[in-house]
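Spelled out, the chains give:
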Amino acid sequence: MIGLVRSQPGITRAVAAQRLRMSSGGATDLLARLRRVHLLDETPAPAQGRGRPTTVLGPHPDGPLVLVADLRPGDWRLAQAGFDGVPHIVAEGRSGEQARLLDDIASEIAKAHRKHTGRVRAIAVAVAGTVSDSRLVQFTPRGWSGIDLSAIMSRLPARTRPPLLLGNDATLAGLAEARAGSARDAGTALHLIITVGIGGTLIVNGEPVTGSHGAAGEYGHIPFGDPGLRCPCGARGCWDQTVDGRALARHLKLPQPRDPIAFAYEQLKANPAQPKLRAAFDAVATALGRGVAGLVNIHDPDIVTLGGLAPPLRAAAPEAFETAYRDGLMTFRKASAPPVRDGLLGEDAPMYGAAALAIDHVTTEAALADWAELHS
């Protein structure tokens, strides 16, 4: 029943009973047991006209929680979520000096942990950088590397410290889109997100392919780009350098912007009829479409979803994107090319994905048994 509440928010007890092939009485008894141990509850649905109000299943108000930190290029957010996986922001701030940033997040995590004593069962972090094990090995927007993210747990008592789960923002956004977004129900989905550079993930049967250290999906560092350009990662020819605000500035013969994301949005709001700007958008969309085709040839997904700056950059030059995408596909793929769709969850997709990752951890059979023992 918990799995149904996660995958189908707003499900009723009657529908849940049908899906679980249980009698009405059996579903009522199961819900009563889950309510007693503070796992699920039943509440009135929002009113929709006359008639008897419908009740829906949802997380218990005193049930397990997860905390989700979203570390973005220019700011950070902290949210909490229950079994429904919907993140509710409880704190946010601007990205500053490294030690201060980690301490600020640690302080807010400790505050939320105290407020919900015993309920926070896992903490997940989505970060716009390369994550390997517990370290942020490259954070291009800030020029940081080799950061131990476990520092955000430093203000929690060791004996009650919940597990820390880390993930790249693109990987977690792809997880969210596969579970509840544009790629829902797809067997194999490729998700790509542009912020400063491009990253992504391959989702197979609802699970991301993360590699042996959690650093898979660094598609931006495939040499799809200009070999004359050196990337901050240390390699040459990275795709990263051809698809974001830095690429737009280079095509416009402007200095590299301090904030590539803000710069890209500024150009998207400008007059697209300007020949230089049109050519810049065409070049970026072409680089994006060609790279997507290459990854489709590699991974054979059912669908490709786009997040971050990718949807508006594609929309700014749709013909250039489509031509490059089609031209880059192997001949046998052209007749049934995977659709390329915008993600549904927008900039919150990494937070939804991080919440899903954490809830996966706290809804294992062992974790639920531990919780039930504490509340029986």
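All figures in this text were calculated on a predicted structure; none of them were measured in a lab.

1. A short note on the sheet that holds strand β7 (residues 130–132)
- With antiparallel pairing, the three strands of this open sheet are ordered in space as β7-β8-β9. Here the strands that pair on one side only, and so sit at the sheet edges, are β7 and β9 (147–148).
- Relative to β9, strand β8 (residues 135–138) is paired through two bridges, and the arrangement is antiparallel. Pairing of L136 across the sheet is with I147, part of β9.

2. Concerning the pattern of salt bridges
- On inspection of all chains with the given rule, the structure shows 17 salt bridges.
- With its nearest N and O atoms 3.2 Å apart, the salt bridge here joins E207 to R179. Within this pair, whereas E207 is found in strand β13 (residues 207–208), its partner R179 is found in helix α5 (residues 169–180), the two being separated by 28 residues in sequence.
- R179 sits in the partly exposed class, given a relative accessible area of 26%.
- A cluster of three or more residues bridged by salt bridges with shared partners is formed by R6, R179, E207 and D360.

3. Here we look at α5
- Taking 1.5 Å per residue, twelve residues should reach 16 Å; α5 reaches 16 Å between its end C-alpha atoms and fits that length.
- Summarising burial for α5: ten of the twelve residues are buried, a large majority.
- Taken as a whole, α5 has its buried residues at D169, A170, T171, L172, A173, G174, L175, A176, E177 and A178.
- Residue N168 occupies the N-cap position of α5, its side-chain oxygen lying 2.8 Å from the main-chain nitrogen of A170.

4. Focus: the nonpolar core
- Formed by 40 residues in total, the largest nonpolar core has its most connected members in M1, L39, L40, V66 and F83.
- At seven residues, helix α12 (residues 349–362) tops the list of elements feeding residues into this core.
- Setting aside its immediate chain neighbours within four residues, F83 contacts I2, R6, L39, L40, P59, P64, I359, V362, T363 and L368.
- Of all hydrophobic cores here, the second largest spans 39 residues; its members include V196, A310, A316 and V340.

5. Description of the packing of aromatic side chains
- Scanning the model with the defined rule gives two aromatic pairs in all.
- Summarising the aromatic geometry, the rings of F224 and W239 are spaced 5.4 Å apart at their centres and angled 70° between planes, so their arrangement reads as edge-to-face. Taken as a pair, F224 in the loop between β13 and α6 (245–251) and W239 in the loop between β13 and α6 lie far apart in primary sequence, 15 residues in all.
- On the basis of an interplanar angle of 25° and a centroid distance of 6.0 Å, the ring pair of F321 and Y325 is categorised as stacked. With F321 and Y325 both in helix α10 (residues 318–328) and four residues apart, this pair spans about one turn of that helix.
- F321 sits in the buried class, given a relative accessible area of 1%.
- In this structure Y325 comes out as buried when scored by relative accessible area, which is 3%.

Rules used in this analysis
Residues numbered from 1 in each chain as written. Predicted model: local features only at pLDDT ≥ 70, side-chain atom pairs only at ≥ 80, totals over all residues. Heavy atoms only, no water. Pairing = 2+ DSSP bridges. Helix = DSSP H or I, 4+ residues; strand = E, 2+ residues; numbered from the N terminus. Salt bridge = Lys/Arg side-chain N within 4 Å of Asp/Glu carboxyl O. Buried < 20%, exposed > 50% of the residue type's maximum accessible area, 1.4 Å probe, protein only. Expected span 1.5 Å × (residues − 1). Polar contact = N/O pair within 3.5 Å; in protein donor to acceptor, adjacent residues only side chain to side chain. Core = buried A, V, L, I, M, F, W, Y, C linked by side-chain atoms within 4.5 Å. Contact = heavy atoms within 4.5 Å. Phe/Tyr/Trp six-rings, centres within 6.5 Å; stacked < 30°, edge-to-face > 60°.

Coordinates in, geometry out; function isn't part of it.
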